[in-house]
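# Summary of the model geometry
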Amino acid sequence: MSEEVQDARQLTDYYAQMVLIRRFELVADQMYKRARIGGYCHLNLGEEATVVGLMAALREQDYLFTTYRDHGYALARGMEPGRVMAELFGKSTGVAKGRGGSMHMFDAGLHMLGGYGIVGGQIPPATGAALALAYRTTAGPEAGAVLCQLGDGTTNIGAFHESLNLAAIWKLPIVYAIVNNRLGMGTAVEAASGEPDLYKRGASYRIPGERVDGNDPVAVRQGADAMLARAREERRPGLLELMSYRLKGHSVVDPAKYRSQSEVETAQAADPVPAFRARLLQADVLTEESARAIEDDAEEKVGAAVAFAENSPDPAPSELFDFAYAQDVPNAPRALPGDPLEVEL
Amino acid sequence: MNAEPAQITYRQALNDTLRAELTRDPNVILLGEEIGKFEGSYKITAGLLKEFGPERVRDTPIAEEGFVGAAIGAAMLGLRPVVEIMTLNFSLIAIDQIVNHGAKIYGMFGGQTPVPVVIRFPGGGGQQLAATHSQNLEVWYAHVPGLKVIAPSTPADAKAMLTAAIRDDDPVIFLENLALYNTKGVVPDGEQVAEIGRAAVVREGTDLTVITYSRGTLIALEVARRFAEEGISLEVVDLRSLRPLDRATFCESVRRTSRAVVLEDDWLSYGIGAEISATLMECAFDYLDAPVRRVAAAEVPLPYAKPLELAALPDAEDLARVVREVLAATGFRS
């Protein structure tokens with residue numbers, strides 16, 4: 001297969017994944033508003049190119065840790081859309097059996113070791129996963145690595161700095177990928193960070209940083225590829241900053257009144273999904289017809305995902321204590337509210 | 001002629017056990033501040049760096065949140081890290097990783113990935129280390145589903161319970177105590193694996209049950225010996241496991257003795273004694289001859305000055321006084 005054809009297939013695949021995430025998130029927004037989804041619901045709208053570019057660089061043997069804005073990562077890492085939607089619906093068929101919800105996608109088999117709801121919480125465990133890889137395997141082009149995705153606001157928390165320091169002194173195979181969507185909830189990066197060029201924040205730990213255009217999945221992939229290669233072959237951690245923008249509020253219920261109309265309009269004009277579509281049309285990678293087919297396919301898949309989630313069973317209250325411990329021990333509590341204490345004498 | 005069985009310290013029992021588990025399982029690694037070259041603040045890891053090398057006995061920077069979280073992540077990939085935190089007080093810097101992550105990852109993600117990590121640290125006051133270095137906050141961890149919290153009181157239990165903790169698939173908080181490290185006892189040879197979640201009646205008695213754990217067990221046994229000289233028979237229950245809590249063992253004991261005193265190292269309000277007392281209300285109400293009493297630390301940040309420190313911490317005299325009061329209240333005569 002010529003490189004060009006392979007590239008065309010790859011680019012088409014990126015577009016298909018971006019469209020699937022876009023469609024999935026728009027429908028998740030609707031489902032939330034119809035009260036099918038509870039709790040918080042943070043969408044990847046506007047960040048599709050960052051998600052798809054990062055996931056394209058990640059290999060089977062690698063591990064992934066993300067923030068709570070994780071639906072897109074779950075889909076692009078290969079989870080069934082139906083099982084992701086079922087998790088949002090809190091169904092027993094969900095990827096975390098309905099225990100985690102929107103913020104906590106997980107699939108051990110796919111090495112997606114979790115979306116994490118506590119800001120910065122994923123960074124030390126991701127670093128420890130890289131420690132386990134370094135302990136067990138030798139460096140080389142086929143070695144596994146860890147990708148730890150985080151948001152711009154997370155670069156101010158202690159766990160970020162402690163983890164980068166550990167990764168540097170222990171020479172761990174990990175890439176920290178900051179999706180800089182310019183806002184930590186409603187607070188601008190410049191208002192929150194003493195060094196708003198976030199890719200420079202690894203300098204204290206001599207971790208090389210790079211900033212790439214988060215609206216271009218190819219640029220994201222190339223940036224991630226280079227850093228992951230260094231992690232695999234040289235056991236050098238990297239810090240990648242992806243310039244992005246979320247098109248909607250922090251979560252589904254946030255009207256995002258803290259940003260100006262002009263800011264939103266600029267962002268919408270740079271929306272990565274139509275921009276990538278136009279680029280592929282112009283490069284003759286896609287035709288209007290093939291693009292539509294991809295979009296129809298995404299609509300169909302997400303429709304099927306909703307149907308699967310709707311028709312899936314709720315977890316039964318009798319399963320409440322099923323995952324209390326990985327290893328059973330005597331006297332583990334099993335009382336429901338108001339139950340008398342179970343004391344077997 | 002039978003020689004007296006050799007006694008070793010609690011510290012040595014921990015050291016021997018870490019060595020045995022490092023030898024047995026290549027997935028076991030140690031992490032912590034000053035555990036390698038310095039050989040541990042309390043010398044629990046003495047000699048291990050030399051024997052097992054820096055990949056397995058890993059000195060960390062002063063970054064509890066970072067290295068405890070890293071141990072959790074390494075455990076998610078199947079390593080069995082044993083983390084030493086210098087004292088319980090510093091575990092608070094890592095509490096997000098312990099409570100929000102270590103305790104949640106297995107259940108919240110639908111039972112896909114166990115987190116077989118052990119987090120060891122000593123609690124305990126009485127060393128004139130003042131308020132920030134003398135706390136007994138084990139109940140904070142014992143409150144949290146997803147964790148196992150154990151507290152051995154003897155060198156033999158230190159060995160059998162640390163072995164169990166390292167081989168357990170869940171995050172285990174392993175509570176030691178500064179006052180126990182130099183205490184001695186007989187430790188059986190060979191592989192000993194305790195069952196997590198079980199208390200033990202460490203002295204049988206008929207007149208009153210003292211329920212306690214960790215350092216308190218030694219105090220309770222000492223007080224029980226003194227009362228025995230007067231013909232008063234105290235039973236001592238060592239909880240050993242704070243989560244899960246073995247309610248049956250102390251309920252059964254109190255049903256027999258009809259009197260109960262809890263000796264705890266933590267502060268009184270909302271403490272371990274409160275949980276024990278509430279349990280006894282449900283399981284032994286009709287058997288009790290007197291209200292359950294608690295002997296706990298005075299509720300102040302622990303002062304440095306020795307007379308104030310002594311006044312604040314529960315000791316054998318406090319326990320003996322309360323035992324006498326409970327016996328007197330029930331008209332007990334030996």
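Definitions and limits used
- Residues numbered from 1 in each chain as written.
- Chains lettered and ligands numbered in written order.
- Predicted model: local features only at pLDDT ≥ 70, side-chain atom pairs only at ≥ 80, totals over all residues.
- Helix = DSSP H or I, 4+ residues; strand = E, 2+ residues; numbered from the N terminus.
- Rg over C-alpha atoms; globule rule 2.2 N^0.38 Å.
- Buried ≥ 20, exposed ≤ 12 C-beta atoms within 10 Å, placed from the backbone.
- Contact = placed C-beta atoms within 7 Å.
- Nonpolar A, V, L, I, M, F, W, Y, C, P; charged D, E, K, R; others polar.
- Domains from an automatic or database assignment.
- Pairing = 2+ DSSP bridges.
- Axes fitted to C-alpha atoms, helices over the stretch in contact; angles between N-to-C directions.
- Expected span 1.5 Å × (residues − 1).
- pLDDT = per-residue confidence, 0-100.
- Parallel < 35°, antiparallel > 145°, perpendicular 65-115°, else oblique.
- Left-handed = near helix turned anticlockwise from the far one by under 90°.
- Core = buried A, V, L, I, M, F, W, Y, C linked by C-beta atoms within 7 Å.
- Arc of directions from axis to C-beta.

## Quick word on the overall build of chain A
Tallying secondary structure elements over chain A gives 11 helices and eight strands in all. Here chain A has a C-alpha radius of gyration of 21 Å; the compact-globule value for 345 residues is 20 Å, and the two agree. With respect to the three principal axes, the spread of C-alpha positions in chain A is 75 × 50 × 45 Å. Residue burial in chain A is summarised as follows: out of 345 residues, 52% are buried.

## Description of the overall build of chain B
Within chain B one finds 13 helices and 14 strands. In terms of C-alpha radius of gyration, chain B reaches 20 Å, essentially the compact-globule figure of 20 Å for 334 residues. By sequence separation, contacts in chain B at least 24 residues apart represent 79% of the contacts at least 6 residues apart.

## Looking at the interface of chain B and chain A
Tallying the contact residues gives 48 residues for chain B and 43 residues for chain A. Elements represented by at least two residues in the side of chain B that touches chain A include exactly α3 (64-76), α5 (95-102), α6 (105-108), α10 (247-257) and α11 (272-283) of chain B. Looking at which element gives the most residues to the side of chain B that touches chain A, the answer is α3(B), with 10 residues. Looking at the side of chain B that touches chain A, its residues break down into 22 nonpolar, 13 polar and 13 charged.

## Quick look at the domain arrangement of chain B
Residues and elements named next belong to chain B. As far as domains go, chain B holds domain 1 (7-186) and domain 2 (200-329). Distance between the C-alpha centres of domain 1 and domain 2: 27 Å. Contact with domain 1, which involves 25 residues of that partner, is made by 22 residues of domain 2. Contributing elements (two or more residues each) for the side of domain 1 that touches domain 2: α7 (138-142), β6 (148-150) and β7 (172-177). In terms of residue class, the side of domain 1 that touches domain 2 is made up of 12 nonpolar, 10 polar and three charged.

## Side note on the sheet that holds strand β11 (residues 234-238) of chain B
Residue and element names in this part refer to chain B. In spatial order, the strands read β9-β11-β10-β13-β14; together these five strands make up an open sheet with mixed pairing. The open sheet is flanked by β9 (200-203) and β14 (293-297), the only strands paired with a single partner. Strand after strand, the sheet turns through a mean of 25 degrees between neighbouring axes, direction not considered. Bridge count between strand β10 (residues 208-212) and strand β13 (residues 260-267): three bridges; the pairing is parallel. Bridge assignment links Val-210 to a residue of β13, and that residue is Val-261. Packed onto the sheet, helix α9 (residues 215-229) meets β9, β10, β11 and β13 and runs at close to 170 degrees relative to β11.

## Regarding the environment of B:Pro114
Counting through the fold element by element, B:Pro114 comes out in the loop between α6 and β5 (118-123). Discounting chain neighbours no more than four positions away, the residues touching B:Pro114 are A:Ala326, B:Tyr106, B:Asp169 and B:Asp170.

## Brief notes about helix α11 (residues 288-311) of chain A
Compared with an ideal rise of 1.5 Å per residue, which puts 24 residues at 34 Å, α11(A) spans 35 Å between its outermost C-alpha atoms and is within 8% of the ideal. Those residues of α11(A) not exposed but buried are A:Ile294, A:Ala298, A:Val302, A:Ala305, A:Val306 and A:Ala309.

## Looking at the confidence of the model for chain B
Residues of chain B with pLDDT of at least 70 account for 99%, and the chain-wide mean is 97. The ipTM for the predicted assembly is 0.96, set against a pTM of 0.97.

## What to know about the packing of α9(B) against helix α13 (residues 316-329) of chain B
All names here are of chain B. α13 packs onto α9 with a crossing angle of 50 degrees between their chain directions and a minimal axis gap of 9 Å. Looking at the two axes, α9 sits oblique to α13. In this structure, α9 meets α13 at a crossing whose hand is right-handed. In this structure, α9 uses Ile-219, Ala-220, Glu-222, Val-223, Arg-226 and Phe-227 to contact α13, whose residues at the interface are Ala-316, Leu-319, Ala-320 and Val-323. The residue makeup of the contact of α9 with α13, split by class, is eight nonpolar, no polar and two charged.

## Describing the nonpolar core
Membership of the largest hydrophobic core comes to 204 residues, with the highest contact counts inside it found for A:Ala129, A:Val146, A:Ile174, A:Val175, A:Ala177 and B:Val261. In terms of residue count, helix α1 (residues 3-33) of chain A provides more of this core than any other element does, 10 residues in total. Looking at this core, you find at least three residues from each of domain 1 (7-186) and domain 2 (200-329) of chain B.

## Topic: unusual backbone geometry
The omega torsion across B:Arg243 and B:Pro244 is -5 degrees, close enough to zero to call that bond cis. The topology assignment puts B:Pro244 in the loop between β12 (241-243) and α10. In the Ramachandran plot, A:Met185 falls in the positive-phi region, its phi being about 50 degrees despite a non-glycine side chain. As for its position among the elements, A:Met185 is in the loop between β5 (183-184) and β6 (187-188).

## Observations concerning the pairing of strand β2 (residues 28-32) of chain B
Residues and elements named next belong to chain B. Among the five residues that make up β2, five are buried, leaving the element largely enclosed by the rest of the structure. A two-sided burial pattern is seen for β2, the buried positions comprising Val-28, Leu-30 and Gly-32 on one face and Ile-29 and Leu-31 on the other. As paired strands, β2 and strand β4 (residues 80-84) are joined by five bridges and run parallel to one another. Residue pairing in the sheet places Gly-32 in a bridge with Glu-84 of β4.

## Quick look at the environment of B:Val149
Residues and elements named next belong to chain B. For Val-149, the position within the fold is in strand β6. With 30 residues separating them in the primary sequence, Val-149 and Ile-119 have C-alpha atoms 9.6 Å apart. The contacts of Val-149, once residues within four sequence positions are left out, are Glu-138, Tyr-141, Ala-142, Ile-173, Leu-175, Leu-242 and Arg-243.

## Brief notes about α11(B)
Residues and elements named next belong to chain B. The end-to-end C-alpha distance of α11, which contains 12 residues, comes to 17 Å, matching closely the 16 Å that a straight helix rising 1.5 Å per residue would cover. Every buried residue of α11 is listed here: Ile-272, Gly-273, Ile-276, Thr-279, Leu-280 and Cys-283. What you see down the axis of α11 is that its buried residues fit within an arc of 125 degrees, all on one side. Within α11, the exposed residues directed more than 90 degrees away from the buried face are Ala-278 and Glu-282. In this fold, the buried residues of α11 make contact with α7, β10, β12, α10, β13 and β14.

## A short note on the environment of A:Ile174
All names here are of chain A. Along the polypeptide, Ile-174 turns up in strand β4 (residues 174-180). In sequence terms Ile-174 and Gly-39 are 135 residues apart; their C-alpha atoms lie 31 Å from each other. Apart from residues lying up to four places away in sequence, Ile-174 is in contact with Ala-126, Thr-127, Ala-130, Ala-145, Val-146, Cys-148, Ala-167, Ala-231 and Pro-237.

## What about the packing of helix α1 (residues 10-24) of chain B against helix α8 (residues 155-167) of chain B?
All names here are of chain B. Two numbers describe how α1 lies on α8: the axes approach to 8 Å, and their chain directions differ by 30 degrees. The angle between the axes of α1 and α8 places the two elements in the roughly parallel class. For the pair α1 and α8, the crossing hand works out as right-handed. For the pair formed by α1 and α8, the contact residues are Tyr-10, Ala-13, Leu-14, Asp-16, Thr-17 and Glu-21 on the first element and Pro-155, Ala-158, Lys-159, Leu-162, Thr-163 and Ile-166 on the second. Of the residues belonging to the contact of α1 with α8, the class tally is seven nonpolar, two polar and three charged.

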